[in-house]
Amino acid sequence: GQQVMQIPQYQHVQEGEDFTTYCNSSTTLSNIQWYKQRPGGHPVFLIQLVKSGEVKKQKRLTFQFGEAKKNSSLHITATQTTDVGTYFCARSNSGNEKLTFGTGTRLTIIP
Amino acid sequence: DTGVSQDPRHKITKRGQNVTFRCDPISEHNRLYWYRQTLGQGPEFLTYFQNEAQLEKSRLLSDRFSAERPKGSFSTLEIQRTEQGDSAMYLCASSPDWEQPQHFGDGTRLSIL
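Rules used throughout
- Residues numbered from 1 in each chain as written.
- Chains lettered and ligands numbered in written order.
- Predicted model: local features only at pLDDT ≥ 70, side-chain atom pairs only at ≥ 80, totals over all residues.
- Heavy atoms only, no water.
- Salt bridge = Lys/Arg side-chain N within 4 Å of Asp/Glu carboxyl O.
- Helix = DSSP H or I, 4+ residues; strand = E, 2+ residues; numbered from the N terminus.
- Buried < 20%, exposed > 50% of the residue type's maximum accessible area, 1.4 Å probe, protein only.
- Contact = heavy atoms within 4.5 Å.
- Buried area = accessible area lost by both parts, 1.4 Å probe.
- Polar contact = N/O pair within 3.5 Å; in protein donor to acceptor, adjacent residues only side chain to side chain.
- Disulfide = S-S within 2.5 Å.

**Q** What's the story with the pattern of salt bridges in this structure? I'm lost.
**A** Side chains that differ in charge, positive against negative, can pair when their charged atoms come close. All names here are of chain B. Taken as a whole, this structure holds seven salt bridges over all chains when the rule is applied. With a shortest N-O distance of 3.8 Å, aspartate 106 and arginine 9 are connected by a salt bridge. A residue pair is termed long-range when its members are at least 10 positions apart, and aspartate 106 in the loop between β10 (103–104) and β11 (108–112) and arginine 9 in the loop between β1 (5–7) and β2 (10–13) qualify at 97 residues. Residue arginine 9 is classed as partly exposed on the basis of its relative accessible area, which comes to 40%. Here glutamate 83 makes a salt bridge to arginine 64, at a shortest N to O gap of 3.4 Å. Here glutamate 83, found in the loop between β8 (75–79) and β9 (88–95), pairs with arginine 64, found in the loop between β6 (53–57) and β7 (65–68); they are 19 residues apart in sequence, far enough to count as distant. Judged by relative accessible area, glutamate 83 falls into the partly exposed class, the value being 40%. Connected through salt bridges with shared partners, the residues Arg64, Glu83 and Asp86 form a single ionic network.

**Q** Please clarify how the interface of chain A and chain B should be interpreted in this entry.
**A** On the chain B side, the residues contacting the 15 residues of chain A number 21 residues. Summing both partners gives a buried area of about 1500 Å² for chain A against chain B, and 53% of it is carried by carbon and sulfur. The interface formed by chain A and chain B contains one salt bridge. Summed over the shared surface of chain A and chain B, the number is five residue pairs in polar contact (both at pLDDT 80 or more). Among the secondary structure elements, those contributing two or more residues to the side of chain A that touches chain B are β4 (32–37) and β5 (43–49) of chain A.

**Q** In this structure, what is going on with the state of the cysteines? I would like to understand it.
**A** As used in these notes, a disulfide is a covalent bond between sulfur atoms, one from each of two cysteines. Under the definition given, this model contains two disulfides over all chains. The partner cysteine of A:Cys23 in its disulfide is A:Cys89, sulfur to sulfur 2.0 Å. What sets the handedness of the A:Cys23 and A:Cys89 disulfide is the S-S torsion sign, and at about 70 degrees it is right-handed. You can see A:Cys23 sitting in strand β3 (residues 19–25) and its partner A:Cys89 sitting in strand β9 (residues 85–91), a full 66 residues away along the chain. For A:Cys89, a relative accessible area of 0% puts it in the buried group. At a sulfur-sulfur separation of 1.9 Å, the disulfide partner of B:Cys23 is B:Cys92. Where B:Cys23 bonds to B:Cys92 through sulfur, the torsion about that S-S bond is close to -70 degrees, and the disulfide is left-handed. One end of the pair, B:Cys23, is in strand β3 (residues 19–24); the other, B:Cys92, is in strand β9, and 69 residues separate them in sequence. Relative accessible area serves as the criterion here: at 0%, B:Cys23 is assigned to the buried category. The class for B:Cys92 is buried, based on a relative accessible area of 0%.

Laid out in C-alpha cells, this is it:
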C-alpha cells in the first residue's frame, strides 16, 4: 500500500531543545500535509507542501519537502510545553481526497 | 465558523448492538470524511462524501458499516452488530473542496463491552 513511515515514534526533549520528525515514502508524493494532535484532542492541520524542495516556516516550525518528493520533515526550534502532542504527516493521492496518515511522532517536553 | 461537531462524544455499548454517530460539518463544506483512529495510531480513512454522493469507501468499511449524507449537510455512520475490534475513536472531517485542508471534529469514542 501507499504507506508513509515516520521516525522517530517517540521523542522526549528538554524544554528549549530542538525537535525533528521525518516522514518517508517509497513512492513519489503529490503533496504532503502535517497535522498536530494534542493529547485527547483531534488532528489540527498545520501545513501542506506541494513543490519539490519546498520549505515553509511557521514561527518556530520549519517544514521541508524533499527534492524527490519522497520525504518530508518538520523541525521545531526551541521547543515549548505547548508543542506537546503527536505530529502526523499525511499524503493524499491527487487532490485532497482520502488522507493516508503516517505513524506519527509523539513529542513530550521535560520542563 | 463553529467547527466540525460530532455526537455523541462517547458511546459505550455491548457487543452485538447497533450504534449510530452523527457529524455536522462546517457550514458550506462540500466534502465530508470519516476516519477511525485506534490508540497510538494515525487516523485511517473510512469513506468520504462530495455533497450527498459517497465517492469512496475503504476496505476497512465492512458490510456492517454504513454511512449516509442524505441532504449533503450532516452525515451519519452506523455500525451494526458491533464487535470488540470496532472500539476506536471515529473522527469526522470536512473541507470546502478538494484543494482545501480538512478540519477535524473532536470525534466519537466507541467502547465495546
